[in-house]
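# Secondary and tertiary structure notes
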Amino acid sequence: MRNLKLNNVVSYVEKNIGTFHKKRIESLNTLKLIDVLQRKNPYLFKAKHVLTAEEIVRSLVDAHISSQEETIFGDFLEGFAIFICEKVYSGRKSSTTGVDLEFDKDAIRYIVSIKSGPNWGNSQAVKRMVSNFNAARKILKTSNSKINVAAVNGCCYGRDNKPYKAKGDYFKYCGQRFWEFISGNANLYTEIIEPLGHKAKDKNEEFLASYAQMINRFTLEFANDFCIDGKINWEAIVKLNSSTEQNSRKKAKNS
């Protein structure tokens, strides 16, 4: 075990956090109104008495952003955690399906599946993770029958007061417990928060400029395609979203 130097953590964040911000903007720039309209429930908007094009557009775009940011930042945190573990325990990115990190600690080979937070999947997703753990154990045991393998579901934030799961399948470490597990530092979970804000203000201003442009463009497109005399044409929206016809998009003014 080696001591983790905070300046190494800061350097990693400064070098890599820009990728997160870049992907946020790329996700916006490649978005198409028709795609988000086809994914969302049109009946819900009607039931909520939504009356303006901008309100619908902003709701669609915000939902997309929230989903994308969780995924993009989750990828960043995974790489961040692997980097930290490499510095302390010579941890490495696993080549085994469904396993993100492998490292040795106290004569145990740990195989780790890294998730952003504790409530990351349904029962089927958890079963799939356990199946991946079992497959990884089998592979490791084949090359070394005496190796002691432990599986861990590591969550970058949150809390789980029952770290050991039934049947001995895996441990679940969340928040402080996870970061301490991969670094040996009980305070790391708070020490990393400040570096993560590196140039956040500047990067967010760039993102907000793209966001405003997207809202304006989509609102104009929505008004042209799905409004008649300024009134939302709900029938056209439902047809786009749910019609059995393959080419159901028609401009509202022609429907």
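Because the structure is a prediction, the values reported are computed rather than measured.

### Quick notes on the overall build of the protein
Along the protein, the regular secondary structure elements total 9 helices and 7 strands. In summary, the protein has a C-alpha radius of gyration of 23 Å against a globular reference of 18 Å for 255 residues, an excess of more than 25%. For the protein, the spread of C-alpha atoms along the principal axes amounts to about 75 × 40 × 30 Å. Out of the 255 residues belonging to the protein, those deemed buried represent 42%. For the protein, the share of sequence-separated contacts (at least 6 apart) that also reach a separation of at least 24 residues comes to 63%. Positive and negative charge centroids in the protein, built from 40 and 28 side chains respectively, lie 6 Å apart.

### Concerning the pairing of strand β3 (residues 108-115)
Looking down a regular strand, the side chains alternate between one sheet face and the other. For β3, the buried fraction is high: 7 of the 8 residues fall into the buried class. Relative to β3, strand β2 (residues 101-105) is paired through 5 bridges, and the arrangement is antiparallel. In the sheet register, F103 faces β3, and the bridge partner there is Y110. Connecting β2 to the next strand, β3, in antiparallel fashion are 2 residues, including D106 with a positive phi near 55°. Here 7 bridges tie β3 to strand β4 (residues 149-155), and the two strands are oriented parallel to one another.

### Observations regarding the nonpolar core
Counting residues in hydrophobic clusters, the biggest one holds 34 residues, and the most contacted among them are F80, F178, W179 and I182. Looking at this core, the elements with two or more residues in it are α1 (6-29), α4 (53-89), β2, β3, β4 and α6 (176-183). If you tally residues by element for this core, the top one is α4, at 11 residues. Residues in contact with W179, not counting those within four places in the same chain, are L77, F80, A81, I84, C156, G184, N185, L188, Y189 and I192.

### Let's talk about the packing of α1 against α4
It is at 10 Å that the axes of α1 and α4 come closest, and there the two elements cross at 155°. Considered as vectors, α1 and α4 are oriented roughly antiparallel to each other. Handedness of the crossing formed by α1 with α4: right-handed. Seen from α1, the contacting residues are N8, V9, Y12, V13, N16, I17, F20, K23, R24, S27 and L28; seen from α4, they are V61, H64, I65, Q68, E69, I72, F73, F76, G79, F80, F83 and I84. Classifying every residue of the contact of α1 with α4 gives 14 nonpolar, 6 polar and 3 charged.

### Observations regarding the pairing of β4
For β4, the tally of buried residues reaches 7 of 7 residues, placing the bulk of the element in the interior. Residues V149, A151, N153 and C155 point to one face of β4 and A150, V152 and G154 to the other, with burial holding for every one of them. Regarding topology, helix α5 (residues 123-143) serves as the crossover connection from β3 to the parallel β4, and that connection is right-handed. Sheet topology places β4 next to strand β5 (residues 171-174); 4 bridges connect them, and they run parallel.

### A word on the sheet that holds β3
On the basis of which strands lie adjacent, the open sheet formed by 5 strands has the order β1-β2-β3-β4-β5 and mixed pairing. Strand pairing shows two members of the sheet lacking a second neighbour, β1 (92-93) and β5, which therefore form its edges. Here α4 sits on the sheet and contacts β1, β2 and β3; the angle it forms with β2, its principal contact strand, is near 25°. Docked against the sheet, α6 engages β2, β3, β4 and β5, running at close to 105° with respect to β5.

### Things to note about the pattern of salt bridges
Under the counting rule described, the total for this entry stands at 9 salt bridges. For K93, the salt bridge identified is with E78, shortest N-O distance 2.6 Å. You can see K93 sitting in strand β1 and its partner E78 sitting in helix α4, a full 15 residues away along the chain. Relative accessible area serves as the criterion here: at 17%, E78 is assigned to the buried category. For K201, the salt bridge goes to E205, with nearest N and O atoms at 2.8 Å. Of the two residues, K201 and E205 both sit in helix α8 (residues 200-226), 4 residues apart, roughly one turn of that helix. On the accessibility criterion, K201 (61% relative accessible area) is exposed.

What counts as what
- Residues numbered from 1 in each chain as written.
- Predicted model: local features only at pLDDT ≥ 70, side-chain atom pairs only at ≥ 80, totals over all residues.
- Heavy atoms only, no water.
- Helix = DSSP H or I, 4+ residues; strand = E, 2+ residues; numbered from the N terminus.
- Rg over C-alpha atoms; globule rule 2.2 N^0.38 Å.
- Buried < 20%, exposed > 50% of the residue type's maximum accessible area, 1.4 Å probe, protein only.
- Contact = heavy atoms within 4.5 Å.
- Lys, Arg positive; Asp, Glu negative; His and termini not counted.
- Charge placed at Lys NZ, Arg CZ, Asp CG, Glu CD.
- Pairing = 2+ DSSP bridges.
- Core = buried A, V, L, I, M, F, W, Y, C linked by side-chain atoms within 4.5 Å.
- Axes fitted to C-alpha atoms, helices over the stretch in contact; angles between N-to-C directions.
- Parallel < 35°, antiparallel > 145°, perpendicular 65-115°, else oblique.
- Left-handed = near helix turned anticlockwise from the far one by under 90°.
- Nonpolar A, V, L, I, M, F, W, Y, C, P; charged D, E, K, R; others polar.
- Right-handed = clockwise from strand over helix to strand, strands pointing away.
- Salt bridge = Lys/Arg side-chain N within 4 Å of Asp/Glu carboxyl O.

By themselves, these are just geometric observations and shouldn't be taken as functional.
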